[in-house]
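Residue-level structure breakdown
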Amino acid sequence: MTEPTSLSAGAEEKKESVPTQLMKHKNEVGVASEELGSASAPADQKEQTTSEIRQDCVYRSSGRPEKIQMIKSLVMDQDASRNCELYVPVSSNRSAVESSEESEEDMYRDEEEIEREKILLSETNSSEYKLSVSPEMDIMEYCRKEWRGNTPAAKRMRKGYEAVAQKFASIRRIRGDNYCAFRATLFQALSQATQLPRWLQSEDFTMLPENLLSKYDWIKQWQLRQKPGKRMGEIRDEIKEYLILLRKKWKNISEIKGPLEKQEACDKLFKNEEEEYSLYEALKFLMLNTAIELYNADKSGKRVPVFSWLLFARDTSSNPCQLMHNHLNHIGHSGGLEQVEMFLLAYALQYTIQVYRLYKYSTDEFITLYPNDPEEDWPVVTLITEDDRHYNIPVRMCQETML
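Residues numbered from 1 in each chain as written. Predicted model: local features only at pLDDT ≥ 70, side-chain atom pairs only at ≥ 80, totals over all residues. Heavy atoms only, no water.

**Regarding the overall build of the protein**
- Looking only at helices and strands, the protein features 16 helices and six strands.
- Residues classed as buried in the protein amount to 51% of the 403 residues present.
- The contacts in the protein between residues at least 6 apart in sequence include a share of 77% that link residues at least 24 apart.
- Total accessible area computed for the protein in this model is approximately 19,900 Å², and 48% of it derives from carbon and sulfur atoms. (Helix = DSSP H or I, 4+ residues; strand = E, 2+ residues; numbered from the N terminus. Buried < 20%, exposed > 50% of the residue type's maximum accessible area, 1.4 Å probe, protein only. Contact = heavy atoms within 4.5 Å. Areas by Shrake-Rupley, 256 points an atom, 1.4 Å probe, with all protein chains shown as cover.)

**Side note on the pairing of strand E3 (residues 352-357)**
- The buried count for E3 comes to six of six residues, which makes it a mostly enclosed element.
- Side chains of E3 alternate between two faces, with Thr352, Gln354 and Tyr356 and Ile353, Val355 and Arg357 buried alike.
- Alignment of E3 against strand E5 (residues 380-385), held across six bridges, turns out to be parallel. Bridge pairing in E5 places arginine 357 opposite threonine 385.
- By the bridge criterion, four bridges tie E3 to strand E4 (residues 367-370) in an arrangement that is antiparallel. Residue pairing in the sheet places isoleucine 353 in a bridge with tyrosine 370 of E4. (Pairing = 2+ DSSP bridges.)

**Describing the packing of aromatic side chains**
- By the definition in use, this model includes 20 aromatic pairs.
- Joined through ring pairs, the aromatic side chains of Phe307, Phe343, Tyr347, Tyr370 and Trp378 make up one cluster. (Phe/Tyr/Trp six-rings, centres within 6.5 Å; stacked < 30°, edge-to-face > 60°.)

**Points about the nonpolar core**
- Grouped together as the largest cluster of nonpolar side chains are 74 residues, with contacts concentrated most on Leu246 and Trp250.
- The dominant element in this core, judged by the number of residues it contributes, is helix H13 (residues 273-299), at 13 residues.
- In contact with tryptophan 250, other than residues within four places in its own chain, are Leu186, Ala189, Leu190, Ala193, Gln195, Leu196, Pro197, Trp199, Leu200, Leu349 and Tyr351.
- Counting 16 residues, the second largest nonpolar core, distinct from the first, contains Ile139, Tyr161, Val164 and Tyr356. (Core = buried A, V, L, I, M, F, W, Y, C linked by side-chain atoms within 4.5 Å.)

**Details of the sheet that holds strand E1 (residues 137-138)**
- If you trace the six strands from one edge of the open sheet to the other, you get E1-E2-E6-E5-E3-E4, paired in mixed fashion. Across the chains shown, the open sheet's two edge strands, defined by having one partner strand only, are E1 and E4.
- As paired strands, E1 and strand E2 (residues 170-172) are joined by two bridges and run antiparallel to one another. Counted as the bridge partner of aspartate 138 is serine 170 from E2.

**Quick notes on the pattern of salt bridges**
- Considering all chains together, one arrives at 16 salt bridges under this definition.
- Between arginine 175 and aspartate 177 there is a salt bridge, with the nearest N and O atoms lying 3.9 Å from each other.
- For arginine 175, a relative accessible area of 12% puts it in the buried group.
- Arginine 175 is the partner of glutamate 273 in a salt bridge, and the nearest nitrogen-oxygen pair spans 3.5 Å. Highlighted residues: glutamate 273 in helix H13 and arginine 175 in the loop between E2 and helix H8 (180-192), separated in sequence by 98 residues.
- We classify glutamate 273 as partly exposed; its relative accessible area is 38%. (Salt bridge = Lys/Arg side-chain N within 4 Å of Asp/Glu carboxyl O.)

**Some points on the packing of H13 against helix H16 (residues 339-349)**
- Two elements in contact, H13 and H16, have axes whose closest approach is 9 Å; the angle formed by their N-to-C orientations is 95°. With respect to H16, the element H13 is oriented roughly perpendicular. The segment H13 lies against H16, with Leu283, Leu286, Met287, Thr290, Ala291 and Leu294 engaging Glu341, Leu344, Leu345, Tyr347, Ala348 and Leu349.
- When grouped by side-chain class, the residues that make up the contact of H13 with H16 number ten nonpolar, one polar and one charged. (Axes fitted to C-alpha atoms, helices over the stretch in contact; angles between N-to-C directions. Parallel < 35°, antiparallel > 145°, perpendicular 65-115°, else oblique. Nonpolar A, V, L, I, M, F, W, Y, C, P; charged D, E, K, R; others polar.)

**Comments concerning the environment of proline 259**
- By the secondary structure assignment, proline 259 is in helix H12 (residues 259-269).
- Taking relative accessible area as the criterion, proline 259 reaches 64% and is therefore assigned exposed.
- Taking the C-alpha atoms as reference points, proline 259 and glutamine 192, separated by 67 residues in sequence, lie 8.6 Å from one another.

**Examining the packing of helix H6 (residues 139-146) against helix H7 (residues 152-164)**
- Running from N to C, H6 and H7 cross one another at 175°; their axes reach a closest spacing of 9 Å. As the angle between them shows, H6 and H7 are arranged roughly antiparallel. Facing Ile139, Met140, Tyr142 and Cys143 of H6, the residues of H7 in contact are Met157, Arg158, Tyr161, Glu162 and Val164.
- Grouping the amino acids of the contact of H6 with H7 by side-chain chemistry returns seven nonpolar, no polar and two charged.

Next comes the structure, spelled out in structure tokens:
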């Protein structure tokens with residue numbers, strides 16, 4: 001299943017090269033605080049060459065020139081994937097064959113029997129669609145089912161799955177509704193959690209909405225899931241509830257010792273639609289908080305990761321206010337996470353997200369880390385993607401490890 005592209009509604013991204021974007025003079029709008037009030041580039045920066053900007057970007061990150069090319073490639077993959085050949089699994093092109101088979105079978109069944117089967121099939125598909133994380137399936141069996149053709153794309157996918165199968169025995173499909181990157185990452189993190197992360201233990205954690213809203217009036221335009229037009233007080237209280245829920249669920253699951261019991265608790269949580277989507281709202285708000293911290297650090301002359309500099313080089317997110325309006329508010333509604341936002345999610349959770357990017361098999365980007373220079377004590381979660389839009393999870397041999 002291919003998830004809809006993560007291009008935000010009403011904020012269509014211009015398909016420009018990263019060097020071109022870095023040369024642009026970025027004007028920020030709608031920022032009401034002193035920290036975010038003026039983000040116009042200094043006058044002397046307008047005349048910087050692409051080379052100088054690259055050097056400046058690298059200096060402000062980690063001083064390793066090879067990293068910027070890696071992350072630039074990830075950022076540009078989003079546009080490239082929209083222009084490349086669409087790899088459609090065999091299973092999604094079966095309607096014509098199945099229709100033909102059904103018409104032949106209909107000759108031997110009465111009308112009542114056919115009708116009963118249609119109702120049963122409808123109920124099965126409906127329940128399966130609502131299943132956030134499907135039961136595990138042998139990874140190569142899944143591959144053979146989805147990629148049976150002899151096209152170059154199908155062969156590449158099979159090779160990719162064979163490589164993943166060297167480390168993981170099974171795969172669990174993730175529901176594709178523009179939250180799949182959140183769903184896959186959070187499910188893996190919780191199912192492997194053995195303790196509450198330090199950032200969740202902070203006393204100020206649940207005060208984030210109040211603290212940020214007191215500084216940045218524009219956050220009152222935060223778009224809650226299916227709840228437009230909320231007042232500032234309501235937004236603050238609801239997001240606080242989401243953060244409390246995230247800490248409670250993480251703590252409860254991390255305290256479960258038995259792996260089977262822990263897995264059952266995760267399965268139960270991700271069958272509760274109301275709680276599940278509340279957790280995603282919490283993750284989005286944590287991403288906004290992280291983006292504000294990185295933005296202010298950069299403006300203060302502190303070192304920031306390369307992805308942060310590129311995140312705010314986009315025309316649609318030259319500051320945290322625009323990032324919220326044009327990207328974060330649309331996640332789960334009209335789009336998912338873009339590549340550079342996968343870095344932001346990793347930093348917000350302080351987790352390394354390792355992704356097998358199957359369409360990149362036999363290249364250096366087949367296994368991609370977000371971030372690509374993680375902290376040594378960050379836990380690792382592993383995802384699988386066929387197109388950088390939809391994510392599934394490998395299981396059975398998955399254990400929390402340190403890089």
